[in-house]
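In case you want the letters, here they are:
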Amino acid sequence: VEKLTDSEMVLAIDYEGENGKPCTDKIYYKRISSLGSEGGDEGNDDNTIDPSQLIGTWELTQYYYGETGNWDNYGKEFGYISTIEFRTDGTARTHYAELESSYSSDGEYTYTLESNILICFDPKTSDYLDRAFIEKLNDSELILTHDDDGEDGKIYTDKEYYKRIN
């Protein structure tokens, strides 16, 4: 975590680029006071999520960047593994690894659900870390969205697509 305030969080991921030079990717999160009423699980009119459906391990398969319209693919075949495990006690564990290098990182979080909004906190300080809208959740698929400030000052929606692996 490069920056953490009440209104935003910046994650920096350092890695070795294709040319052997150090690179840093940054993911920007902005706290949102209202996520609107769109989306939700199909057939779920009140936008509530069954917390038991979230429990388990999910692997990121695609990440969509709303500002650029670009997609990143994840999985062993693409050289990147990113997982999140939601536990029944309200804790979560994340794991990220780049298979062509020795880079990996792990994180521990606590989480709560408010309707179809997933809120993550740092378990050591209880500081707010992230808020994501659960666009879709079923036995095999999880789609999370969150808004991001673009370089042009506009707000763009990024999407994370997960498949259940456990």
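See the structure printed just above.
Being a predicted model, the structure only gives us computed values, none of them experimental.

Turning our eyes to something else, we now look at the nonpolar core. If you look at the biggest cluster of nonpolar residues, it comprises 20 residues, and the most contacted ones within it are Phe86, Leu118 and Leu142. Of all the secondary-structure elements, those providing two or more residues to this core are strand 4 (56–65), strand 6 (80–86), strand 7 (91–98), strand 9 (117–121), strand 10 (128–137) and strand 11 (141–149). Among residues more than four places away in sequence, those in contact with Leu118 are Leu54, Phe86, Tyr111, Thr112, Leu113, Asp130, Arg131, Ala132, Ile134 and Leu144.

Moving on, we come to the packing of aromatic side chains. All chains considered together, the criterion is met by six aromatic pairs. With centroids separated by 4.6 Å and ring planes inclined at 45°, the aromatic side chains of Tyr63 and Tyr65 adopt a geometry described as tilted. The exposure class of Tyr65 is partly exposed, given its relative accessible area of 26%. A centroid spacing of 4.8 Å and a plane angle of 50° characterise the contact between Tyr64 and Trp71, whose relative ring orientation is tilted. Assessed through its relative accessible area of 41%, Trp71 is described here as partly exposed. Through a chain of ring-to-ring contacts, three or more aromatic side chains come together here, namely Tyr64, Trp71 and Tyr161.

Cut-offs applied
For every chain, the first residue of the written sequence is number 1, and numbering continues from 1 along that sequence. Restriction of local features to residues with pLDDT of at least 70 applies here, the model being predicted, together with a cutoff of 80 or more for giving and counting side-chain atom pairs; totals for whole chains, interfaces and linings are based on all residues. Side-chain descriptors were evaluated using all non-hydrogen atoms of the structure, hydrogens and water having been removed beforehand. Here the nonpolar core consists of buried residues drawn from Ala, Val, Leu, Ile, Met, Phe, Trp, Tyr and Cys, with membership extended through side-chain atoms lying within 4.5 Å. For each residue, the accessible area found with a 1.4 Å probe, counting protein chains only, is set against the maximum for its type, and the residue is called buried under 20%, exposed over 50%, and partly exposed in between. Helix and strand definitions follow DSSP, with helices as H or I runs of at least four residues and strands as E runs of at least two, each counted in order from the N terminus. We call two residues contacting when some pair of their heavy atoms lies within 4.5 Å. Classification of ring pairs uses Phe, Tyr and Trp, with its six-membered ring standing for Trp, and accepts pairs whose centres are within 6.5 Å; under 30 degrees between planes counts as stacked, over 60 as edge-to-face, and the remaining range as tilted.

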